[in-house]
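Observations on the model geometry
Listed below, chain by chain, are the residues.
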Amino acid sequence: MDSLAPKAKVKRNGSWSEIESADLVPGDMVSFKIGDIVPADCRLTDAVNVSIDQAALTGESLPQSKKVGDQCFSGSICKQGEAEGVVIATGANTFFGRAASLVGQDDDTTGHLQKILAQIGSFCLVSIGIFVIAEILVLYAGFRFNYRRGLDNILVLLIGGIPIAMPTVLSVTLAVGAQQLAKYKAIVTRITAIEELAGVTILCSDKTGTLTTNKLTIDRNTIKTYGPFSADDVILLAAYASRTENQDAIDSSVVAAIGDPSRARAGIKLLDFKPFNPVDKRTEITYLEESTGKLKRVTKGMTGIIIELCTRNKTEEQENRLEADVEEYATRGLRALAVAYEELDGDDHEAEGNGFELIGLLAIFDPPREDTKQTIDDALALGVKVKMVTGDQLAIAKETGRRLGLGDHMYPAKVLKDGPAPGSKHQSLDDMIMDADGFAGVFPEHKYEIVKRLQGLGHLCAMTGDGANDAPALSRANVGIAVEGATDAARGAADIVLTEPGLSTIVHAIRQSRIIFQRMRNYSIYACSITIRIVVCFAILSFAYKFDFPPFMILIIAPPQRRWDLIEIFSFAVAYGIYLTASTIALLCIIMETTFFQDKFGVRFSGGALIPASSNDYQIHMIIYLQVAIISQALIFVTRSHSFFFMERPSVALMCAFVIAQLVSSIIAAYGNWGFTQIEAISGGWIGIVWIWNIIWFIPLDWIKFAMKATVIKSIRKRREAKMAEEAARAAGGVPIHRTTSRATSIHESLYSNRVSFIKRAARRVGLGGKVSVKPEELQRFSSIQAQRVGATLARNPSRTGA
């Protein structure tokens, strides 16, 4: 970093010298020229044709002209001229430094997934705790069990009830999901962002390069003509008056508009060319038309300059029309470019012509990407509202919004400080932010504030960006997305980095993340259901029959194990868990209280006994083990499907895993004579009975799912909708604010946070980075280094902008 430290030319003690930019202090006099990086925030005291490209900091589309008294930001690049200025801010106090310091302010150390897992863990622990306490009271105080026997029963609840496989399953699910997202050109840098992306309700997108192509274009549909030439003729003549090599953004757009760039010099002989300069604000070409042998001259540039230059066929009516057309362009965010033409008599190309005549007006704009409109429609269909947040002008933002069908209900950034105007329909700034289609002219702190307020309303918010000015908001958002071509600062602060341009990649990623989320939700229902069935089933069996199930067999059973709505998850879990409990208790009751199976199927116990010696007969233990193992693992086929389990084909991997697990369980049941585990092998008849029993009890599980959806779940959703409607009614005259409960922090979060840190540890081990943080003592150095990198990026890619 020392070797890369940028330098600054500074005047001290009456002489100029070169020092590191990091050593500048307010009050220093600095100078810079074309190609230099502005070393610190400064106010100009001398400026000669100065043009500053500050796109990576503010998002403005084109370089800005600067004059004496104007402010220049650290990290911007001088594109033209030379200037002197007095330093007014350095390090953390610069425009860039303030943005960098915001990156480290995000104190939301506990992620959304960790909070959800905290609540799931609390549910399981409370359920286990209730029945453990009940067993302690009943088994020790009531039945007078000895210490070891009672402890074995308690261990069954602890080992079988705690979803010990959940960390492994969710980590693997997220890791596989990250690999799948990479196929959609979305690289995940924070693995838990996958779950949060699935629950995103608002996507804040920058404009340039994401919604638009980041390439200035002539809008052929809005060309105005004033003379005898057609729109195609005007474009061709404007292309004559453009550079064909070493082009700036405007010349490039004009030449591209004629289709074949070679036409810009076809059929003419170039005699003289005057490139654009900040004083004349126009380009001019004098050429020989080979087909007629006539000398002609064309100029294009700023409308005010061109109309003053015109002397031929200029009328007051034409001037009024031109002014009206320029104003129309301005209201739509289009930049106007006037074109004029004259002919020369004789052979002297430097001679005066017969006078320029205004022939046309071109509209220049950054067009939307071809796939953006469809992508926004797809996002809305997924329930994700898209808001444009750009550093560009308000008129440009509105025009882009209209073309995309995004809406033009947008506000300038100053409303974030001033709030809604008196008498407006918005009662608060939060109402205004929710209602807006976007914001224009924003600075880094504005983007940060928008994201923070949306999160405060309970929304999961995603933010896209590519420049250093986007880093604070990317860091603050639930899911920060660095788009293709983003700077190092943006990538470091983001959770997902895109390697293809455009918004469509994000929508693909949202779709894929919801598939991944559904897998996690299915497993969570399954895991919670198993907790309920283990703790309830074996507690009841121990109370009713003094049944002592071997803890070792529970160890064998346990390992194979869009918005989070925990109430629904827990409701399903309780219903499935109690039903599966009933299946086990019913089986044991029939075996213990009757001889039904013995009479119908001719099965016997050890030594040919018709009935078991006791409820703790080792073969009874094996029968219960096999029954619990099979139907518990089969539950996943019900929780993963929305309809009947056979209507949604599971993956080959899931089917193979289930078949192998049940094959192993059946082999253990047939040959597992392990005395130390208090189990004994059972006959093939008993194995067949258990399989048929589980199949019979498995079929109604789908009906339980449908019944829950039609009753309990429907009631829960109705209450939620009623609550939302009540909130909307309270916002009388304003915009309804929909608050979600998905970000509610568990009261047990502090107790559970260490147990979910496995995700962070796993992410670090495979090299997935965290968010950027900047120490205050390093901030000044960081600002200077990053300023140089931004400048270098802009120098390599002069057409890039940072909106």
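Everything quoted here is computed from the prediction, not taken from an experiment.

The rules behind each value
Residues numbered from 1 in each chain as written. Predicted model: local features only at pLDDT ≥ 70, side-chain atom pairs only at ≥ 80, totals over all residues. Heavy atoms only, no water. Helix = DSSP H or I, 4+ residues; strand = E, 2+ residues; numbered from the N terminus. Areas by Shrake-Rupley, 256 points an atom, 1.4 Å probe, with all protein chains shown as cover. Contact = heavy atoms within 4.5 Å. UniProt positions renumbered as here; feature names shortened; annotations may be inferred. Axes fitted to C-alpha atoms, helices over the stretch in contact; angles between N-to-C directions. Parallel < 35°, antiparallel > 145°, perpendicular 65-115°, else oblique. Patch = residues over 30% accessible without salt bridge, like charges linked within 9 Å, V, L, I, M, F, W, Y side chains within 5 Å. Salt bridge = Lys/Arg side-chain N within 4 Å of Asp/Glu carboxyl O. Buried < 20%, exposed > 50% of the residue type's maximum accessible area, 1.4 Å probe, protein only. Polar contact = N/O pair within 3.5 Å; in protein donor to acceptor, adjacent residues only side chain to side chain. Expected span 1.5 Å × (residues − 1). Core = buried A, V, L, I, M, F, W, Y, C linked by side-chain atoms within 4.5 Å. Pairing = 2+ DSSP bridges. Phe/Tyr/Trp six-rings, centres within 6.5 Å; stacked < 30°, edge-to-face > 60°.

Across its full length, the protein chain carries 28 helices and 22 strands. Surface summary for the protein chain: the accessible area is close to 34500 Å², and the carbon and sulfur share equals 56%.

Tracing the chain through its elements places Y287 in strand β13 (residues 282–289). Ignoring any residue separated from it by four or fewer positions in sequence, one finds Y287 in contact with L237, Y240, I268, K269, L270, L271, K294, L295, K296, R297 and V298.

A few words on the UniProt feature "transmembrane region" (unreviewed entry) in the protein chain. Under the local residue numbering, the UniProt record ascribes the feature "transmembrane region" (unreviewed entry) to residues 120–143, 155–178, 523–545, 566–598, 651–672 and 684–704. Here residues 120–143 is 96% helix and 0% strand, with 33 Å between the C-alpha atoms at its ends. Between the first and last C-alpha atoms of residues 566–598 the distance is 44 Å; the span itself is 94% helix and 0% strand.

Pairs of packed helices are described in terms of their axes, by the angle between the two and the distance that separates them. Following both chains from N to C, one finds helix α22 (residues 618–639) and helix α23 (residues 652–671) inclined at 175°, their axes separated by 10 Å at the closest point. Of the possible angle classes, the one that applies to α22 and α23 is roughly antiparallel. In this structure, α22 contributes M622, Y625, L626, A629, I630, Q633, A634, I636 and F637 to the contact, and α23 contributes L654, M655, F658, A661, Q662, S665, S666, I668 and A669.

So, on to a nonpolar patch on the surface. Taken together, the side chains of L125, L155, L158, I162 and I164 present a nonpolar region at the surface, about 370 Å² in accessible area. For L125, the position within the fold is in helix α3 (residues 112–142). A residue is classified by how much of its surface remains accessible, and L125, at 40% relative accessible area, is partly exposed.

Before going further, it helps to spend a moment on helix α8 (residues 249–257). Of all the positions in α8, only I250, D251, S253, V254, V255 and A257 are classed as buried. Where the residues of α8 are buried, they touch β10 (217–218), α7 (231–240), β14 (294–301), β15 (335–344) and β16 (357–365). Two or three places before I250, at the start of α8, stands the capping residue D248, its side-chain oxygen 3.2 Å from that residue's backbone nitrogen.

Another aspect to go through is helix α18 (residues 504–545). Between its first and last C-alpha atoms α18 spans 61 Å; for 42 residues at 1.5 Å apiece the expected length is 62 Å, and the two agree. Within α18, 34 of the 42 residues are buried, which leaves the element mostly enclosed by the surrounding structure. Two residues or fewer past α18, K546 is found with a positive phi of approximately 55°.

Our focus in this paragraph is the nonpolar core. Ranked by internal contacts, the top residues of the largest apolar core, which has 115 residues, are I120, F538, F547, F549, W686 and L701. Among the elements that take part in this core, α18 stands out by supplying 20 residues, more than any other. Among residues more than four places away in sequence, those in contact with F538 are E135, V156, L157, R533, F547, F549, I554, I624 and V628. In terms of nonpolar packing, the next biggest core, distinct from the first, is built from 30 residues, A413, L457, A473 and A482 among them.

Consecutive side chains of a regular strand alternate in pointing toward one face of the sheet and then the other. Within strand β20 (residues 461–465), 5 of the 5 residues are buried, which leaves the element mostly enclosed by the surrounding structure. Residues C461, M463 and G465 point to one face of β20 and A462 and T464 to the other, with burial holding for every one of them. Of the pairings in the sheet, the one linking strand β9 (residues 202–205) to β20 comprises 3 bridges and is parallel in character. Paired with C204 across the bridge in β20 is M463. Relative to strand β21 (residues 479–482), β20 runs parallel, the two sharing 4 bridges.

With that out of the way, let us pick up the pattern of salt bridges. Under the definition given, this model contains 33 salt bridges. Two residues, R190 and D495, come together in a salt bridge whose shortest N-O distance is 2.9 Å. Note that R190 is positioned in the loop between β8 (186–188) and α6 (193–198) and D495 in the loop between α17 (488–493) and β22 (496–498), a separation of 305 residues in sequence. The closest approach of N and O atoms between R282 and E284, which form a salt bridge, is 2.7 Å. For E284, a relative accessible area of 6% corresponds to the buried category. Residues joined by salt bridges that share partners form a network here, namely D219, K224, E328, R332, E399, R402, R403 and D408.

Attention now moves to the pairing of strand β17 (residues 385–389). Of all the 5 residues making up β17, 4 are buried; the element is thus mostly covered by neighbouring parts of the structure. Sheet topology places β9 next to β17; 4 bridges connect them, and they run parallel. Paired with S205 across the strands is M388, a residue of β17. As defined by bridge partners, β17 adjoins strand β19 (residues 438–440) across 2 bridges and the pair is classed as parallel. Across the sheet, the residue bridging to M388 is G438, located in β19.

Turning to the packing of aromatic side chains, a few remarks are in order. The description of two aromatic rings rests on the distance between their centres and on the angle between their planes. On inspection of all chains with the given rule, the structure shows 23 aromatic pairs. Ring centres of W703 and F706 lie 5.9 Å apart, and the angle between their planes is 85°; this geometry places the pair in the edge-to-face category. With W703 and F706 both in helix α25 (residues 701–730) and 3 residues apart, the pair spans about one turn of that helix. Judged by relative accessible area, W703 falls into the exposed class, the value being 52%. One aromatic cluster is present, built from ring pairs that chain together Y579, F596, F597, F601, F605, W686, W693 and W697.

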